[in-house]
Amino acid sequence: MRAVSSRDLVDLLHVIEWDVRKLRRQTLFVAMRTTWFILQVIVFGTSISLLVRSFPGLNYYDFYLLGVFTTLVYSVSIARGYEIADEFDEGIVEYHLALPVKRSTLALGRVLGGSVASFLFTLPMYAFIMFMIRPDNVFYVLVSLVAIYLFSAGVVGLVITVVLSVKSTDATDILMGVIDALLVRLSTVFYPAPIIAKVLPYYYASLANPISSVSDFLRVLFLPEYAVYASLPPQGQVAYIVGLAVGFSYLAIYVISHKLEAGGWR
Amino acid sequence: MKSVLVIATRDLKRFWSYRFWLAGQIVMNVADIVIFGLLFNNMINRSLIPDYIKFVTPGILSLALFISSFSIGREVGVELRREVSDYLLSLPVSRVELVLGRFTGGALRGLIYQSGFVVLAMLLVGVPRGYAWLVVIYTSITLSFAMSGLSIALSTVTRDFNLQATIRSVVYYVLFFFSNIFYPPRVIAARFGGFADAVSYSPLSIATSLYRWAFGYTPEVDVVIDSLLLAAWTAVLLLASYFLYLWNLTKKG
């Protein structure tokens, strides 16, 4: 095992800081995103929940709130990919590679920085969701924040892996759009698992989908009576969330450390 | 006219270079119909909507047209950042031809993309008869031009990529949520009272109502009034987009 020096930690903090500082320039972006999220939750959420017939112990609007927030965390984390893809055009990736910073430090910094920035970005929307759900246990709020951060780290890792492997702004844009559309649709974010179980291929796809695990975990945490509508038991959901974070963070670090070369993006 | 077609053809040709995007969009729209049919139909209150798949399919027609016509905005935004727009302005075509060409290119994308979903709607909802076909064609053409123009104009408001994407997304979601694509007006009225009237006058709602009538889902639609309203929306949006696009392209700095 290689020794980690204090210089490495300082470098790591600088890389994380670089990613997080970009949020300052995105105040308007966060405000607009929060506005349209609240709009979605109030207009689309309340209207569509009125259409859903009653299920024992399930208020579809609360179910929808935690599902739609999960899709938000996912899409905000995915959006980091667009920024990283944009860094190709601006030569920032090459600039980073030329810095006197270890590849592994740079890689870890990008994963942590991207996920911290995504996490902070979604906090106003999280506050709104908590206002609507009104949780009665602060500990569960902290647990949910840890789960959201880990999920974000996993998705940012996925994005970095794809972007730095594909090396094309357009291809990244398209690929992430397709992954985004399929993962969100083939999940339990908007449909309870017993309803999905009526279509077995869909059900198995949703079981393997980390977005299902996160949305169901948040539901079970804040609305325990919804456990009967979840895809997996809580232990399975936690395993998926942690597995996603560790697995894709490692892959991103591997790609940056071993596969990434300066120049020749096309 | 020839210059308009040359520019429109250029945008149309580039549409095919986004084959994966196209495939992804088709998968998304078909998945929406299938998911709503297979899953949401089992969750829906049948007293409000007896068959949700028949209800939502004409809405997906509007959505498909909207998404594909709107796609040109992203490319126009990238062109602005990469200063391709300066090259376009230096071409031997008038500004009017340039703008009309771009609007036509976006609209053609929408119409071509939507055609497959028209066939799907015929299979799932019903086949339009005679005069109803004219309504389908009219609705598709007017809506595709309106959305193409709007998307192009919005993408030139700023050179910041994130802001471009955010502005387009905000408009996209406002039009998407404030429409009758996924829920009937009486549901919106039950939640938001008189606001439902405003939603029913949005361009996507009007187009969806016309499709629902043309495919035989809803007989109680005032086709003449709705067609005139859609024409008015298109005229206003195209005119505003024309001036906004040109102003943003030619302003200094």
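This is a predicted model, so every value here is computed, not measured.

Residue and element names in this part refer to chain B. Taking 1.5 Å of rise per residue, the twelve residues of helix α10 (residues 203-214) would be expected to cover 16 Å, and the 16 Å separating its terminal C-alpha atoms lies within 8% of that figure. Buried residues dominate α10, accounting for eleven of its twelve residues. For α10, the set of buried residues is Pro-203, Leu-204, Ser-205, Ile-206, Ala-207, Thr-208, Ser-209, Leu-210, Tyr-211, Arg-212 and Ala-214. In this structure, the buried residues of α10 make contact with α3 (52-81), α5 (95-124), α6 (131-155), α7 (161-177), α9 (195-200) and α11 (223-250). Downstream of α10 by one or two residues, Gly-216 has phi in the positive range, about 80°.

The subject of this paragraph is the nonpolar core. One finds Phe-69 of chain A together with Phe-40, Tyr-52, Phe-182 and Tyr-183 of chain B to be the most contacted residues of the largest nonpolar core, which totals 140 residues. It is helix α3 (residues 60-90) of chain A that contributes the most residues to this core, 14 residues altogether. Not counting the four nearest positions on each side in its chain, Tyr-183 of chain B is found in contact with Val-43, Phe-44, Ser-47, Ile-48 and Leu-51 of chain A together with Phe-55, Phe-177 and Ile-188 of chain B. Core analysis: the second largest hydrophobic core is formed by 14 residues, Leu-88, Leu-89, Val-99 and Phe-103 of chain B among them.

It is worth spelling out the UniProt feature "transmembrane region" (unreviewed entry) in chain A at this point. Residue and element names in this part refer to chain A. Sites flagged by UniProt as "transmembrane region" (unreviewed entry) map to residues 30-51, 63-82, 111-133, 139-166, 178-197 and 238-256. As annotated, residues 139-166 has a helix share of 100% and a strand share of 0%, and its two end C-alpha atoms lie 41 Å apart. Within residues 238-256, the helical portion is 100% and the strand portion 0%, while the C-alpha atoms at the span's ends are 27 Å from each other.

Facing the 39 residues of chain A at the interface are 41 residues of chain B. For the pair chain A and chain B, the two sides together bury roughly 3800 Å², of which 74% comes from carbon and sulfur. When the buried surface of chain A facing chain B is broken down by residue, Trp-36, Leu-51 and Arg-185 of chain A rank first, second and third, together holding 19% of it. Counting across the interface, chain A meets chain B through zero salt bridges. At the level of elements, α2 (27-51), α3, α7 (169-185) and α8 (193-196) of chain A are the ones that each hand at least two residues to the side of chain A that touches chain B. For the side of chain A that touches chain B, the leading source of residues is α2 of chain A, giving 15 residues. Of the residues belonging to the side of chain A that touches chain B, the class tally is 26 nonpolar, five polar and eight charged.

Moving on, we come to the UniProt feature "transmembrane region" (unreviewed entry) in chain B. Residues given the UniProt feature "transmembrane region" (unreviewed entry) here are residues 20-40, 52-72, 106-125, 132-153, 165-183 and 227-247 of chain B. Helix makes up 95% of residues 106-125 of chain B and strand 0%. Its end C-alpha atoms lie 27 Å apart.

A separate point is the environment of Tyr-52 of chain B. Tracing the chain through its elements places Tyr-52 of chain B in helix α3. Relative accessible area serves as the criterion here: at 0%, Tyr-52 of chain B is assigned to the buried category. Sequence separation between Tyr-52 of chain B and Asn-41 of chain B is eleven residues, and the spatial gap between their C-alpha atoms is 5.7 Å. Look past the residues within four positions of Tyr-52 of chain B in its chain and what remains in contact with it is Ile-48 and Leu-51 of chain A together with Phe-36, Phe-40, Asn-41, Ile-44 and Phe-182 of chain B.

Each value, and the rule that gives it
Per chain, residues are indexed from 1 in the order of the written sequence. Starting at A for chains and at 1 for ligands, labels are handed out in the order in which the entities are written. Totals for whole chains, interfaces and linings use every residue, but because this is a predicted model, local features are given only for residues with pLDDT of at least 70 and side-chain atom pairs only at 80 or more, for both listing and counting. Excluded from the side-chain calculation are hydrogens and water; included are all heavy atoms of the structure. Helix and strand assignments follow DSSP, with helices taken as H or I runs no shorter than four residues and strands as E runs no shorter than two, numbered in order from the N terminus. Multiplying 1.5 Å by the residue count of a helix minus one yields the expected span of that helix. Partly exposed residues are those whose accessible area sits between 20% and 50% of the maximum for their type, while under 20% is buried and over 50% is exposed, using a 1.4 Å probe and protein chains only. We call two residues in contact when some of their heavy atoms are within 4.5 Å. Residues belong to a common nonpolar core when they are buried Ala, Val, Leu, Ile, Met, Phe, Trp, Tyr or Cys residues joined through side-chain atoms within 4.5 Å. UniProt positions are given in the numbering used here, feature names are shortened, and annotations may be inferred rather than shown by experiment. The quantity reported as buried area is the accessible area (1.4 Å probe) lost by two parts once they are put together, taken as the sum for both. In what follows, salt bridge is the name for a side-chain nitrogen of Lys or Arg lying within 4 Å of a carboxyl oxygen of Asp or Glu. Lys, Arg, Asp and Glu make up the charged group, whereas Ala, Val, Leu, Ile, Met, Phe, Trp, Tyr, Cys and Pro make up the nonpolar group; the residues left over, Gly among them, are polar.

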